[in-house]
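Take a look at the letters that make up each chain.
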Amino acid sequence: MTEQLPPTAACSVEVVLATPAHSGLGDSLSYWSSEPLQPGVLVRVPLGAREVLGIVWQVHAPPPDGLSADGLKPVRESFATLPPLQANWRALVAFAARYYQRGLGEVALAALPPQLRELDGAALLRRLKKLDAAALGVGGGTVPGAGAPVAAGTQAPGLGPAAVVPAPSPEQAAVLAALAQSTQPVLLFGATGSGKTEVYLRAAQALLQQDPQAQALVLVPEINLTPQLEARFGERFGTHGVVALHSGLSPAQRLRHWLAAHCGQARIVLGTRMAVFASLPRLRLIVVDEEHDPSYKSQDGARYSARDLAVYRARLESGTARCQVILGSATPALESWHAAEQGRYQRLQMPGRIAGAALPRLRLLDLNQQPRQCLIAPPLLAQLVARAARGEQSLVLLNRRGYAPVLACHACGWKSDCPHCSAHAVFHKLDRSLRCHHCGHASPVPRACPACGNLDIAPVGRGTEQVEEHLGALLAEARRPDGSPVRVARLDADSTRAKGSLHSRLAAMHEGEVDVLVGTQMVAKGHDFRRITLVAGLNVDSGLFASDYRAPERLFALLLQAAGRAGRDAAFVAAQQAEVELWVQTWYPQHPLFAALARHDYPAFAAQQLRERASAQMPPFSFQALLRAEARTQATAQAWLQAAADAARGAGLPGLAQSTLYPPLPLTVQRVAGVERAQMLIESPSRPALQALLAAWQPLLHALRRQPPGRGLLRWAIDVDPVSL
Ligand code: ADP
Ligand code: ZN
Ligand code: ZN
């Protein structure tokens, strides 16, 4: 690849465009440019009748005169004012496309802010000028606190909102010292509340002291965690050098933040998984917080893992200058834990909480001993009352939104099924609707059973709405220390849909206006609540016996993370003389998962799980991919998958001998929005063998699409390293 051409040379260029992976157009198209262009330059080029955004990927010196422009359409416009996308960025995108079996253009263009596609050079120039003006306001993009070392326990230099930088705890200090020496990906195994975020802040600070122009990327699994993190980084480094990248931004904000990162003004980029593709010309540190979280795996388009790409990206960048990657978690993914056991990652530990705060004690509530059908067992209810009376907060976790998962008629057995999916429509009492959580179909709740006319149709099972309603009634007489009524609130995808409602609900919790917060896994992650002393898990048993082999890992992480929201402020706990506890309602108190949970013993749990995985040759001891197919009928989808397997075997594809192709199966929820879904699991003990197989298979799959049974197919896709089966 040529990076630089003589300044006067005209050239032909390979331009990568957002062509769908399956369009058959290939990865790039050739164009002619009368002016010299470099790889990585953004251009607008004609495609059919349209003009589209593209990225110059390769530049060829001009062929002899006369031949030059033959058949090649000219580049319409190049964005000369914008620095080119760097070779490392292009290599990252190319790797992601290859590894996850997608089109290069699809991945590359999806990594750019959507608004960029709509701008011409003049409009872009205006945005860039605005950006420059903003940067001048903060001394050319350097960051306060980056200049001089910050003494422990002092105020960071150059900061307004009196941000006191805490002295590192001994564990933090040891980790920071090790980080300074480390040359490997680091797995920061730190208890909940051990101060991992402070480590990230210090690591960024140390980096900026060495190199004031360096950039750091910090990834979190959920949008709702970005405001808290932005506040902490903004407080430490000044808000000008810190930008966020996630799908909650307006198109204009996203472009502005992306440009700030790309042009080097932003020192720190905070974001969700999509931010792993941010263009960062001086990237020297990548943090993946809560690295175990399945949200890091994209579930559509290119199904990439932002965590795995972060590790890859750090290695790529290290070719230029040292780039460190830190994966942080109290419950690491078994893949990461295994990598640390093998020595591929360096494990650094912070087992203790800040200021010696105690980890929650596990209290198992045996439902066999409780009144039948009770939603909240009496001893747990008594705890909620007592804690609210002392001014302590509680968190009640139920991983199911809505009022009840299904409405049923006891006379005829009718159930509120979604007409378009093989799933129940969930009963939402607040707006009297039946809503499908798979396709979004909504209908009003019928007055009587649609099948038999019986008036007595009833909700079956529980959701967060119901728990909120019940607790409201059960706690009606309960009082706070000042004699006012106890307040219950709910935090889930429904209650936070309106703009600003997530923020206001979290603020109410942080400010102590809420005593009992009911929520889904959304409340379990990352939040630094200060006054919670009790966390309760309801209906957790399905996670003990689910068919997905990752279910125990997920449940353990969910409960430990949820518990991690309690007792984070040692001083508060001491002043209250509070018992910090995790209560779990279960029919199976003897289950071994709970024994490890009671000891907060993730290493023992991980060791046991890894033994099971090893004996069954499951990941991380093998590598998986799914071939997914969607059609109007299940038979068509499965027949196509079978034909795909036959074609692979018939062609004797590379890697096949080391791989197992399992028979096609319907997905657990096999029909969504009227579309039947099937998948085939492909497994291999060798990652290269699996990759070779998938790469060689692709052209056959494209061809198969055009003959029966492929003609009846709606879509197919490959999911490499799937996180749920
Ligand atoms: P984690 O991310 O490991 O769950 P946090 O980084 O959120 O933990 O830290 C937990 C709490 O402890 C936060 O409120 C943080 O401000 C505080 N904290 C972190 N490090 C220190 C320290 N060295 N001294 C005092 N407080 C600290
Ligand atoms: Zn009926
Ligand atoms: Zn549906």
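Rules behind the numbers
Residues numbered from 1 in each chain as written. Chains lettered and ligands numbered in written order. Predicted model: local features only at pLDDT ≥ 70, side-chain atom pairs only at ≥ 80, totals over all residues. Heavy atoms only, no water. 1 Å grid on protein atoms, 1.4 Å probe; cavity = no way out; pocket = protein on both sides within 12 Å on 5 of 7 lines; lining within 4 Å. Points joined across faces, edges and corners; volume = space filled by probe spheres on them. Helix = DSSP H or I, 4+ residues; strand = E, 2+ residues; numbered from the N terminus. Nonpolar A, V, L, I, M, F, W, Y, C, P; charged D, E, K, R; others polar. Pairing = 2+ DSSP bridges. Axes fitted to C-alpha atoms, helices over the stretch in contact; angles between N-to-C directions. Contact = heavy atoms within 4.5 Å. pLDDT = per-residue confidence, 0-100. Near = heavy atom within 4 Å. Polar contact = N/O pair within 3.5 Å; in protein donor to acceptor, adjacent residues only side chain to side chain. Sits in = over half its atoms within 2 Å of the grid points. Donors = N, O, S within 2.8 Å, 3.2 Å for Na, K, Ca; no water. Tetrahedral: all angles 85-135°; square planar, octahedral: opposite > 155°, others 65-115°. Buried < 20%, exposed > 50% of the residue type's maximum accessible area, 1.4 Å probe, protein only.

So, the layout of surface pockets
Where empty space is left in the structure can be found by rolling a water-sized probe over the atoms. The computed volume of the second largest pocket comes to approximately 780 Å³. Lining the second largest pocket are 34 residues, with G195, T197, R232, D528 and R568 positioned closest to its centre. Of all the elements in the fold, those that place two or more residues in the lining of the second largest pocket are α5 (196-210), α6 (226-237) and α15 (570-576). With five residues, α6 is the largest single contributor of residues to the lining of the second largest pocket. The class makeup of the residues in the lining of the second largest pocket is 12 nonpolar, 10 polar and 12 charged.

Brief notes about the sheet that holds strand β8 (residues 215-219)
Pairing is parallel across the open sheet formed by seven strands, whose spatial order is β9-β10-β8-β11-β12-β7-β13. Unpaired on one side and paired on the other, β9 (242-245) and β13 (346-350) mark the two borders of the sheet. Neighbour-to-neighbour, the strand axes of the sheet open up by a mean angle of 20°, direction not taken into account. Inspection of the sheet shows strand β7 (residues 186-190) paired to strand β12 (residues 324-329) by four bridges, in the parallel sense. Bridge pairing in β12 links V186 to I326. Of the strands in this sheet, β8, β9 and β10 (268-271) are in contact with helix α7 (residues 251-262), which crosses β9 at around 125°.

Some details on the confidence of the model for the protein chain
On average, residues of the protein chain carry a pLDDT of 91, and 93% of them reach 70 or more. Across residues 137-160, where pLDDT falls below 50, the model places 50 contacts with residues more than four positions away in sequence or in other chains.

Re the site of ligand 1
Taken together, 18 residues sit near ligand 1, with A167, Q172, G193, K196 and D528 positioned nearest. Separating an oxygen atom of ligand 1 from a backbone N or O atom of S194 is a distance of 3.3 Å. The contact in question runs from an oxygen atom of ligand 1 to an N or O atom on the backbone of G195, over 3.1 Å. Given that more than half its atoms are within 2 Å of the pocket grid, ligand 1 belongs to the second largest pocket. Among the elements that line the shell around ligand 1, the one with the most residues is α5, at three residues. Looking at the shell around ligand 1 residue by residue, the class counts come to five nonpolar, seven polar and six charged.

Quick look at the coordination of the zinc ion (ligand 3)
For the zinc ion (ligand 3), the protein coordination sphere consists of C418 (SG), C421 (SG), C436 (SG) and C439 (SG), at 2.2 to 2.3 Å. Angles of 107 to 112° at the metal separate the four donor atoms of the zinc ion (ligand 3), which places the site in the tetrahedral class. Given a relative accessible area of 2%, C421 falls into the buried group.

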